[in-house]
Amino acid sequence: MEKPSVWGKLYLALILFLLYLPILVVAAYSFNAASSGAQWTGFTLSWYKKLLEEGKYTQPLLHSIELGLLSAFLAGVIGTAAALSAATRAFKTKGVFESLSMLPIMIPEIILGISFMSMFALVGLRGGMLPLVLAHTTFCIPYVYIIVKGRIRDLDPSVIEAARTLGATKIRAFLTVTLPIILPAVLSGCLLSFAMSFDDVIISSYLRGPTSELLPTKIYAALKLGVTPDVNALFTLILGVMLLLVATMAVTLQIRKILQRKVDAQ
Amino acid sequence: MEPILALRGIRKAFSGQAILKGIDLSVEQGGFVTLLGPSGCGKTTLLRIISGLLRPEEGKVFFRGEDITALPPEKRNFTTVFQGYSLFPHMNVAQNVAYGLKLRRIPVPERRERVAQTLRMVRMEGMEKRRVTQLSGGQQQRVAIARAVVLNPDVLLLDEPLGALDLKLRREMQAELKELASRLRLSCVYITHDQEEALNLSTKIIVMNEGKIMQTGTPDEVFNHPANRFTADFIGDSNLYEGTVEKTRDGVCAVTLPFGTVFAADQGFAAGQKVGVCIRPDDVELEKSSAAGSFCRGVVESRAYFGSVEKTTVRLADGGVIHSNRRSAGEQPAVGDEVCVGVSPSRVALFREERV
């Protein structure tokens, strides 16, 4: 492989710097003793203590996680079903079906939010968890659809037929062959959906109602009063959990790869 | 004996286009039946109907005399070896082979034993834990065969299983497959467009073209006694002519061709009848001087060297040509030489010439 030039390295460093510096700053300031401003006045853990003791973000966080998991699961099921039927069946309105499946990505969120609010009001649905889940599922479906569909293209239909001739019913063939093959794509679609749902402010603010305060909307409201260091601490905690999850996944995959390579080499 | 598998009047069309136009065939217990035909002749569609993956529009499929036309594939104990192997990419070798056994709820110790035994049979022992995506084409093929054979299928269906392999490996696998099928007494339906493969493996060959069966017979029958122009042309190299039966006497039939009169064994054609004449290049003898059995003269037009055979093209008096793969007894004729063309009457095949 060709060695990157000095300019290439510099370019890379700049990008990484710009991407991650703000995050590092937030993490650093969560340990800052000063209650406001950019002045560094000493190391402290008091903001974490305050965060946990006050617990004003606990409920919104749990709501957000619940909403994210539910929406990601529903979007995973519906998006996968849509991708499967688009890839394996031939029907006249397929073009329309595919465009419609992708449309929610293209519509500005603010329009989606207002549309959802008016429609739910029309059917008498007040703000709360149910409309939130419905709306988030809707805008998450395209992400699952697009990722799973890419993977299905590599799925040889005769593999499923092979399962049938070996004695599998349609359902059994789906569960033992189709699903395991596309599962990585389904999971990454769900993961992306969770992330999209978890940080959505715009659509959620139209639909949340008085009882279902969510983390992003809560933080957004708090920001009007200026960033307080306990919000920094919260960000840092969330970031830490994310990093831990990603690292665990990467390590597990790597170990599996090494083990399999040993078997292949025998 | 009742055939293990029988098809009666199978018809199938895709978006209005007829693919199968009334197929009747039967497979005897332990028989190796090959569907032979050019691509697009409907042989894969026919195999899918047998496996249950497709329903025919008309006609019935019988298994040991029982109508199974409406039975889904998982309820038939017919397994298929697919053209592209179609192994499960997310499973290793042993898991692929064990798949059908697991579905049949065979207990683990027996399952393990049968998988190991079958992998030994296809010479893949010790590869149990390998990922199938890491295997070579020949190895994948062996796994695909093992996966289908381990279930002791009533009928084993093979859809051009050797098509993706190179020539040398194909020959090897052909021999292994033949040995395996006869050792396990498998009843097989095999698809190929390779006539050599068909002649080598089969107990019965079904020649197909455009959704119809052109001829059914043993390899010897379809090769030496083609029933029509298509079969004569498709199987083996051939010199094909149209002629008229002149007279038949003492079991020998004289047929007038545009360039001479050839003698053939009596095959039940009456004097005056138009017939097709098939002479294999392997049987055409070229001599410098007229010998017994020569029926016309011509001029050597070209010679092509293929290692074990040398193909000679002779231009005949009427402007047509005849090809020969035989070496002459004495000196080989050179391009431009005049030669006498001969053939033994027992090697001349006649067939009814269908007129459009």
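None of these values were measured; they are calculated from a predicted model.

Time to look at the overall build of chain A. On a plain count of helices and strands, chain A comes out with 11 helices and zero strands. Secondary structure elements of chain A, listed N to C terminal, follow the sequence α-α-α-α-α-α-α-α-α-α-α. On C-alpha atoms alone, chain A measures out to a radius of gyration of 23 Å, which is more than a quarter above the 18 Å that the 2.2 N^0.38 rule sets for 266 residues. A total of 266 residues make up chain A; the buried ones form 29% of that total.

All names here are of chain A. Relative to the helices and strands, T211 is located in the loop between α9 (202–207) and α10 (215–223). Residue classification places T211 among the exposed positions, given that 11 C-beta atoms sit within 10 Å. T211 sits 148 residues away from H63 along the chain, and the two C-alpha atoms are 9.9 Å apart.

Facing 23 residues of chain B, the contacting portion of chain A comprises 18 residues. Of all the secondary structure elements, the ones that give two or more residues to the side of chain B that touches chain A are β6 (78–81) and α2 (93–103) of chain B. The class makeup of the residues in the side of chain B that touches chain A is nine nonpolar, eight polar and six charged.

Residue and element names in this part refer to chain B. Here the domain parsing of chain B yields domain 1 (5–233) and domain 2 (239–352). Look at where the C-alpha atoms of domain 1 and domain 2 centre, and you get two points 39 Å apart. Per element, the largest residue contribution to the side of domain 1 that touches domain 2 is three residues, and it comes from helix α8 (residues 229–234). The residue makeup of the side of domain 1 that touches domain 2, split by class, is three nonpolar, three polar and two charged.

Residue and element names in this part refer to chain B. At a minimum axis distance of 10 Å, the contact between α2 and helix α3 (residues 108–121) shows a crossing angle of 130 degrees. Regarding the angle of α2 to α3, the classification is oblique. The handedness of the crossing between α2 and α3 comes out as right-handed. Residues A94, V97, A98, L101 and K102 of α2 pack against R111, R114, V115, T118 and L119 of α3. Counted by class, the contact of α2 with α3 contains six nonpolar, one polar and three charged residues.

This brings us to the sheet that holds strand β16 (residues 294–305) of chain B. All names here are of chain B. Strand order in the open sheet formed by five strands is β15-β19-β16-β17-β18, and the pairing between neighbours is antiparallel. Two strands close off the open sheet at either side, each with one partner strand: β15 (285–287) and β18 (321–324). Recorded for the sheet is a direction-independent mean angle of 45 degrees between the axes of neighbouring strands. In this structure, β16 lies alongside strand β19 (residues 338–342), joined through five bridges in antiparallel fashion. Across the sheet, the residue bridging to G298 is V339, located in β19.

Attention now moves to the environment of P38 of chain B. Residue and element names in this part refer to chain B. Residue position: P38 is located in the loop between β3 (32–36) and α1 (43–51). The exposure class assigned to P38 is exposed, which follows from the 12 C-beta atoms found within 10 Å. Leaving out residues up to four positions away in the same chain, P38 has contacts with H193 and N209.

Another point: the confidence of the model for chain B. Do not read the predicted coordinates in detail wherever pLDDT is low. Mean pLDDT over chain B works out to 89, with 98% of the residues at or above the 70 mark. In the predicted complex, the global pTM is 0.81; the interface-specific ipTM is 0.82.

What follows is about the pairing of strand β11 (residues 239–249) of chain B. Residue and element names in this part refer to chain B. Two strands pair when backbone bridges link them, and β11 and strand β14 (residues 274–279) are joined in this way by six bridges, in the antiparallel orientation. In the sheet register, G243 faces β14, and the bridge partner there is V275. Note that β11 and strand β12 (residues 252–257) share five bridges and pair antiparallel. Its bridge partner lying in β12, T248 is registered against C253. From the end of β11 to the start of β12, which pair antiparallel, there are two residues, and D250 there has a positive phi angle of about 55 degrees.

Conventions and cut-offs
- Residues numbered from 1 in each chain as written.
- Chains lettered and ligands numbered in written order.
- Predicted model: local features only at pLDDT ≥ 70, side-chain atom pairs only at ≥ 80, totals over all residues.
- Helix = DSSP H or I, 4+ residues; strand = E, 2+ residues; numbered from the N terminus.
- Rg over C-alpha atoms; globule rule 2.2 N^0.38 Å.
- Buried ≥ 20, exposed ≤ 12 C-beta atoms within 10 Å, placed from the backbone.
- Contact = placed C-beta atoms within 7 Å.
- Nonpolar A, V, L, I, M, F, W, Y, C, P; charged D, E, K, R; others polar.
- Domains from an automatic or database assignment.
- Axes fitted to C-alpha atoms, helices over the stretch in contact; angles between N-to-C directions.
- Parallel < 35°, antiparallel > 145°, perpendicular 65-115°, else oblique.
- Left-handed = near helix turned anticlockwise from the far one by under 90°.
- Pairing = 2+ DSSP bridges.
- pLDDT = per-residue confidence, 0-100.

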